[in-house]
Each structure stands twice: as structure tokens, then as C-alpha cells.
Amino acid sequence: TQMLIEAESDLTAKDKWGDTAMDLAMDSGHTACVALLEEAMQQVSHGRSVVIVALRFYAESGDEARLTALLERGIVDVLATDEFILSGHTGLHAKLMGEYKMEEERVNEYPLYKKAEEDHYIFRNKGGTWMVVAGRASVDEDAGFIMTQEPAQLPTSEGVTWEYCDDDEWVPDDTISAIDGLGRIAINLADNGGHTACVALLEEAMNKAREQAHEEALSATESTP
């Protein structure tokens, strides 16, 4: 692995079976090689994607030392609010459940999220509640089918409760939740392997990510004329 890196080889190149050096290292459980590749690839602009791969691998393998090193290098933004999973509702608007990712666009100075491969969005309206809509035009019209029952800095903020529209009536639905995607996946991998120390590290990192996102959102609000 070190020879590949020193020779400045293309670390994303695939063999005839479609595997990269990272794939082979992970499949073989060689955590030291994964760490070397992860650090090298971050230096040549593969930053976010390789961090995600490494994060999941270290969590699943229970490599506390390398997970700690990865978190200490400042990947809190990766764990923060760029993607999450909206789940729980099985009724009228079940199609709005799924994975949402942050867009570059901002609405009311807050992030706009779009569902993967669907024209569904989540945004923070002028009243401070987060609303789930079908179609980009509905964002501008402030008309949705699911929303938080109270204002919140983020859709993933602790204690947020949701409701859905049934004709002209808003009905509380305590089954709906917005869960941080990447961080939660990593925690589940560590938990399934019984790696309690890694679970604790990831939960602490996610809490820091939420606090940071909360502070940034609050700062954006305060700076708005």
C-alpha cells in the first residue's frame, strides 16, 4: 500500500473485478492499509467520499484508535446536517419518507433538503417550522403535507415532533422522526459489532455536530436583516 502511495498511483483505479485498493483492503480487514489509503486520498481531493468509507469501516471493525484519529481530524461537518433519513409515517404521505440531502440553495437563510431521486423537499418556513413538500414550487408557496409541530433549528434537533395534513386538519404523528443518516449508520454498525467504545465516540461526535450546526443556524438568523 505504501509503495502505491509513494509511486503516486491512481488510488481510485479498479482491477478487472471492479475493486479499488480501498475495496481490497476493507474486504481483507486490513485496517492499517485502510488508514494509509484514507489519509493519502484526502490529500488528492477525494476528501468527503473517502472519509465516509473509512468512518463506516472503522465503526464496523471496532477500530477505536483510528476512529478517534479520524474524528480528531475534523470531520464533524460530515456528521452534521448534510443528510438525514425521514421515517415513520405509513399513511397518506408515506412517499415523502426517505433519505434527504442538503442542496446548495438556502431558503429563509436555512438549508434546503431534497429527497434522493425524487422531487420532494424539506425546508424551514418563515415561522420556523420544518415542512415537507412535493415539488419545488410548493417550497415557494409554503404549502406542505408534513411539518414539525414547533419551530426548530434543524429537522434533526432533539425533541422535535411532527404532524401531517389530513384534508384540512393537521394530525400529530409521533412515529415520524428525522435521523442523521451517516452518523446513525456508523453507530448502528459499531453497535451491531458490540463496539461500545466506538458507539460512544460517534454519539459524542454527533452531539458536537448538532451543536455546531445549531450555532451556525442561529448565527445566520441573527445576521439576517
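To keep things clear, this report deals only with the structure shown in the data block.

**Comments concerning helix α5 (residues 64–72)**
Count 3.6 residues to each turn of an α-helix, and residues three or four apart come out pointing the same way. Among all positions in α5, only Leu67, Leu70 and Leu71 are buried. For α5, the angular spread of buried residues about the axis comes to 95°, placing them on one side. In α5, those exposed residues whose orientation departs by more than 90 degrees from the buried face are Ala65 and Glu72.

**Structural notes on the pairing of strand β7 (residues 162–166)**
Counting buried positions along β7 gives 4 out of 5 residues, so the element sits mostly inside the fold. With 3 bridges connecting them, strand β6 (residues 146–148) and β7 associate as antiparallel partners. Residue pairing in the sheet places Ile146 in a bridge with Tyr164 of β7. For β7 and strand β8 (residues 169–173), the ladder comprises 5 bridges, and the chain directions are antiparallel. Opposite Glu163, over in β8, you have Pro172 as the bridge partner.

Criteria and thresholds
Every chain is numbered on its own, with residues counted from 1 as its sequence reads. The model is predicted, so local features are restricted to residues of pLDDT at least 70 and side-chain atom pairs to those at 80 or more, both for listing and for counting; the totals for chains, interfaces and linings are taken over all residues. The basis for every side-chain value is the complete set of heavy atoms in the structure, and neither hydrogens nor water enter the calculation. Exposure is judged per residue with a 1.4 Å probe applied to protein chains only, and the accessible area is read against the type maximum: over 50% gives exposed, under 20% gives buried, and values in between give partly exposed. Numbering of helices and strands starts at the N terminus; helices are DSSP runs of H or I of at least 4 residues and strands are runs of E of at least 2. The arc in question is the one spanned by the directions pointing from the helix axis to the C-beta atoms. Strands are labelled as partners when DSSP assigns at least two bridges between them.

Just geometry here; none of it tells us what the structure is for.
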